[in-house]
Amino acid sequence: MRVSVDNMVFCLRFVFFCLFFSVLSCEAFCADLLLDPGHSPKKPGTTSCSGIPEYQFNDQLVQTIVRFLGERHLGCDVTRRPQEDLGLKERGAKARGHKWFLSIHHDAVQPVYLERINGQLCSRKARGYSLFVSQKNPHFETSLLYARVLGELLISMGFQPSTHHGEAIQGENRPLLDARLGIYQYDNLVVLKTSEAPAVLLEAAVIVHPDEERLARHPGFQKAIAEAVAQTLRFVQNHSF
Ligand SMILES: [Zn+2]
């Protein structure tokens, strides 16, 4: 059979086209973990007790985790770069092809608990981390398993969970799936329910609390979170379903 040059060129173009889109959709080449720094400059999230927007805490912690994982040859991808804006559904869509989606946030309390401390709106109502999973995620049971592993690691490192999202008031009232580990069910969290990978959202600290905000900015705190994420990622890699 004679193959014309035109046919060969067409075939080569087709192969490059397929490779290009497989890279874009991250089906074959993406890392096991997709880290999502919550919010963005246009939608900054909550404001800390000293007036810093939440997304800056999220960006800082994600950068620390990325560096920490890289030093241990544990790769990961991120949904957005620092200062970049990205919609919630786009974040979930990027989870395709990954084994674990982890969204990083910093927490607040309901406005009724805020008071002026040194001129800023702060609260001493709650402190500690929280973990969220959605039953609408197609891998709910696996998401819950990964949240339990991360929670156990955080507890073993001396972190304390916060139970304030379970309080029976407007804006909270989230079902606590595991009070000891601080795991809540929050079905309609968009990034969790739209993620095609098992998905967990971590509220690392309550930054409207003045002491906890100081803690969240400490490099030792950020490295401890990174260590817990690294160990959970090793579990994910050894127990993927
Ligand atoms: Zn947030």
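This structure is a prediction, so every number in the text was calculated from the model and none was measured.

1. Quick word on the state of the cysteines
Tallied over the entire structure, the rule returns one disulfide. Residue C49 pairs covalently with C122 via a disulfide, S to S 1.9 Å. In this structure, the disulfide formed by C49 and C122 twists by about 90° around the S-S bond and is classed as right-handed. On the criterion of sequence distance, the pair formed by C49 in the loop between strand 1 (33–37) and helix 2 (54–71) and C122 in strand 5 (residues 120–122) is long-range, its members being 73 residues apart. Judged by its relative accessible area of 0%, C122 is buried.

2. Examining the coordination of the zinc ion
Within the first shell, the zinc ion binds the protein through H39 (NE2), E54 (OE), E54 (OE) and H105 (ND1), at distances of 2.1 to 2.7 Å. For the zinc ion, the four donor atoms are set out with angles of 51 to 141° between them, so the coordination reads as irregular. Within one chain, the residues serving as donors to the zinc ion are arranged as H-x14-E-x50-H. Of this pair, H39 sits in the loop between strand 1 and helix 2 while H105 sits in strand 3 (residues 100–107), and the two are 66 residues apart along the sequence. You can call H39 partly exposed: its relative accessible area is 25%. H105 sits in the buried class, given a relative accessible area of 10%.

Thresholds, definitions, all that
- Residues numbered from 1 in each chain as written.
- Predicted model: local features only at pLDDT ≥ 70, side-chain atom pairs only at ≥ 80, totals over all residues.
- Heavy atoms only, no water.
- Disulfide = S-S within 2.5 Å.
- Helix = DSSP H or I, 4+ residues; strand = E, 2+ residues; numbered from the N terminus.
- Buried < 20%, exposed > 50% of the residue type's maximum accessible area, 1.4 Å probe, protein only.
- Donors = N, O, S within 2.8 Å, 3.2 Å for Na, K, Ca; no water.
- Tetrahedral: all angles 85-135°; square planar, octahedral: opposite > 155°, others 65-115°.

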